[in-house]
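Coordinates in review
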Amino acid sequence: MADLKPVYLITGDDDAKIDAWRGRVRARAEQEHGPGGLEQFDGKADGAGAVAAALATMTFAAGSRYLLAEPVEGWKADDVAELEPSLAAMPPDTVLVLIARGKAPAKLVRAVEAGGGEVRDYGAPKPWELPKWVIARAREEGLAMDAEAAKQLIQAVGTRQQQLQREVEKLRIGLHPRTQVSAADIDSLAAGDATAQVYDLADSIVAADLPGALALTEELTAADERPGRLTYRIVSRLRDVHRAVVLLDSGMPEQKAGSALGMPPWAVKRTLAQARKADREVLERALEAFAEFELESRGGGDRDLDEDTAFTMTLVSAASG
């Protein structure tokens, strides 16, 4: 954060990048002024007026002054109007960071730019862009990761960017001094024992082993694994096996089917073994059941059930054969 602007407006829904921005500002403020060096404001409770009042208050502390206000996406035109004069004439040696989750008010964007500030927009990557995003985060940590390893990490821990960022950091620590990340490294280091258990849970569903699926679910939830976090990995596994079944049903030899799956060798072997025993219709019904669960978890569907009950009923439907 050299050559700092007087004002930064950070927008978007890329949680990892926004968290990193917040962390850098706090670290710089505390490095210069010690704990509490960053002046923080609640954008909802304090409002723009409190930020404007703070900027108008003289301080005799040496060095730069750092202020952070969030969330500001809910500020109306009148709120921005309170702060606009301060943005147009920022006190010297002062850095104000405003964080808006999603889209910032257009008037605030214009006011920041007019005051010589900078707007940084960080949109979250689309699902198909996540492997590239993970590879980029790994590169920032000094790690070399290919697309297959990135996909394996996403399958292991889900799509939440903060979780993926934490797992990349864990890989850096766990692999040191090595820098090349393999799928086997991810299987052994990412998300701990829960990863293997989720694979076993998905395989129980593929095999229509309802008692086994329920038992594994109980172990995972006892370890604070929430249904919503399990679903992505389960569905990814079901889709992999379903794709393998479709390839084998088309008459494709196993060796070619394994290459077509585009997985690490250890994953190909396990997936083909499951596909040889799986029922295609059962897999399709299971995928439909989890699609309905995902819809309900987002407020859709007709059943008024809590997450745990809905997940259990989904398992019963998916693993009953």
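These notes cover the structure that comes with them. Quick caveat, the model's predicted, so the values are computed rather than measured.

Notes on the overall build of the chain
When you go through the chain residue by residue, the secondary structure sums to 15 helices and seven strands. Reported as C-alpha extents along the three principal axes, the dimensions of the chain are approximately 75 × 50 × 35 Å. Per-residue burial over the chain gives 44% buried out of 321 residues. Taking the intrachain contacts of the chain between residues at least 6 apart in sequence as the baseline, contacts between residues at least 24 apart amount to 73%. Accessible surface, the chain as shown: approximately 16200 Å² in total, 51% of it carbon and sulfur. Averaging the positions of the 39 positive and the 52 negative side-chain charges in the chain gives two centres separated by 5 Å.

Section: the pattern of salt bridges
Tallying each qualifying case throughout the model produces 15 salt bridges. With a shortest N-O distance of 3.2 Å, Lys170 and Glu167 are connected by a salt bridge. Placement of both Lys170 and Glu167 in helix α7 (residues 161-175) is noted, with a separation of three residues, approximately one turn of the helix. For Lys170, a relative accessible area of 38% corresponds to the partly exposed category. Here Glu167 falls in the buried class, since its relative accessible area comes to 3%.

Overview of the side chain of Gln274
Mapped onto the elements, Gln274 comes out in helix α13 (residues 265-277). Judged by its relative accessible area of 13%, Gln274 falls in the buried class. In this structure Gln274 touches Asp203, Val206, Arg237 and Val241, once residues within four positions along its chain are discounted.

Let's talk about the nonpolar core
Counting residues in hydrophobic clusters, the biggest one holds 35 residues, and the most contacted among them are Ile205, Ile234, Leu238 and Phe290. Residue assignment for this core shows that the elements contributing at least two residues are α9 (193-206), α10 (210-222), α11 (227-249), α12 (254-261), α13, α14 (280-297) and α15 (307-319). With eight residues, the single largest contributor to this core is α11. Dropping the residues within four chain positions of it, Phe290 is found in contact with Ile205, Thr231, Ile234, Val235, Leu238, Phe311, Thr314, Leu315 and Ala318. Counting residues in hydrophobic clusters, the runner-up holds 23 residues, among them Ala52, Leu67, Leu96 and Ala104.

Focus on the sheet that holds strand β5 (residues 118-122)
Pairing is parallel across the open sheet formed by five strands, whose spatial order is β2-β3-β4-β1-β5. Here the strands that pair on one side only, and so sit at the sheet edges, are β2 (38-42) and β5. On average, adjacent strands in this sheet sit at an angle of 15 degrees to one another, irrespective of strand direction. Inspection of the sheet shows strand β1 (residues 7-12) paired to β5 by four bridges, in the parallel sense.

A few points about the side chain of Thr314
As for its placement among the helices and strands, Thr314 is situated in helix α15. The class of Thr314 is buried, set by a relative accessible area of 2%. At 2.8 Å, the side chain of Thr314 and the backbone oxygen of Ala310 are in polar contact.

Topic: unusual backbone geometry
Cis geometry marks the peptide bond from Glu70 to Pro71; its omega dihedral reads -5 degrees. Here Pro71 is to be found in the loop between β3 (65-70) and α3 (77-88). In the segment running from His176 into Pro177, the intervening peptide bond is cis, with an omega of 10 degrees. The residue Pro177 is located in the loop between α7 and β7 (180-181) in this model. Non-glycine residue Asp93 carries a positive phi angle of around 55 degrees.

Focus: the packing of helix α5 (residues 130-140) against α7
The N-to-C vectors of α5 and α7 enclose an angle of 40 degrees; their axes lie 10 Å apart at closest approach. As far as their axial angle goes, α7 and α5 are oblique. The handedness of the crossing between α5 and α7 comes out as right-handed. Side by side, α5 and α7 meet where Leu130, Trp133, Val134, Arg137 and Ala138 of the first sit next to Gln161, Leu164, Gln165 and Val168 of the second. Residue classes in the contact of α5 with α7 are distributed as six nonpolar, two polar and one charged.

A closer look at the environment of Met313
Note that Met313 resides in helix α15. Separated by 24 residues in the primary sequence, Met313 and Ala289 place their C-alpha atoms 9.1 Å from one another.

Considerations on the packing of aromatic side chains
Summed over all chains, the structure comprises three aromatic pairs. Summarising the aromatic geometry, the rings of Tyr8 and Trp21 are spaced 4.9 Å apart at their centres and angled 50 degrees between planes, so their arrangement reads as tilted. With Tyr8 in strand β1 and Trp21 in helix α1 (residues 15-33), the pair connects residues that are 13 residues apart, well separated along the chain. The class of Tyr8 is buried, set by a relative accessible area of 4%. Residues Phe293 and Phe311 carry aromatic rings whose centres are separated by 5.5 Å and whose planes lie at 65 degrees to one another, so their mutual orientation is edge-to-face.

Conventions and cut-offs
Residues numbered from 1 in each chain as written. Predicted model: local features only at pLDDT ≥ 70, side-chain atom pairs only at ≥ 80, totals over all residues. Heavy atoms only, no water. Helix = DSSP H or I, 4+ residues; strand = E, 2+ residues; numbered from the N terminus. Buried < 20%, exposed > 50% of the residue type's maximum accessible area, 1.4 Å probe, protein only. Contact = heavy atoms within 4.5 Å. Areas by Shrake-Rupley, 256 points an atom, 1.4 Å probe, with all protein chains shown as cover. Lys, Arg positive; Asp, Glu negative; His and termini not counted. Charge placed at Lys NZ, Arg CZ, Asp CG, Glu CD. Salt bridge = Lys/Arg side-chain N within 4 Å of Asp/Glu carboxyl O. Core = buried A, V, L, I, M, F, W, Y, C linked by side-chain atoms within 4.5 Å. Pairing = 2+ DSSP bridges. Axes fitted to C-alpha atoms, helices over the stretch in contact; angles between N-to-C directions. Polar contact = N/O pair within 3.5 Å; in protein donor to acceptor, adjacent residues only side chain to side chain. Parallel < 35°, antiparallel > 145°, perpendicular 65-115°, else oblique. Left-handed = near helix turned anticlockwise from the far one by under 90°. Nonpolar A, V, L, I, M, F, W, Y, C, P; charged D, E, K, R; others polar. Phe/Tyr/Trp six-rings, centres within 6.5 Å; stacked < 30°, edge-to-face > 60°.

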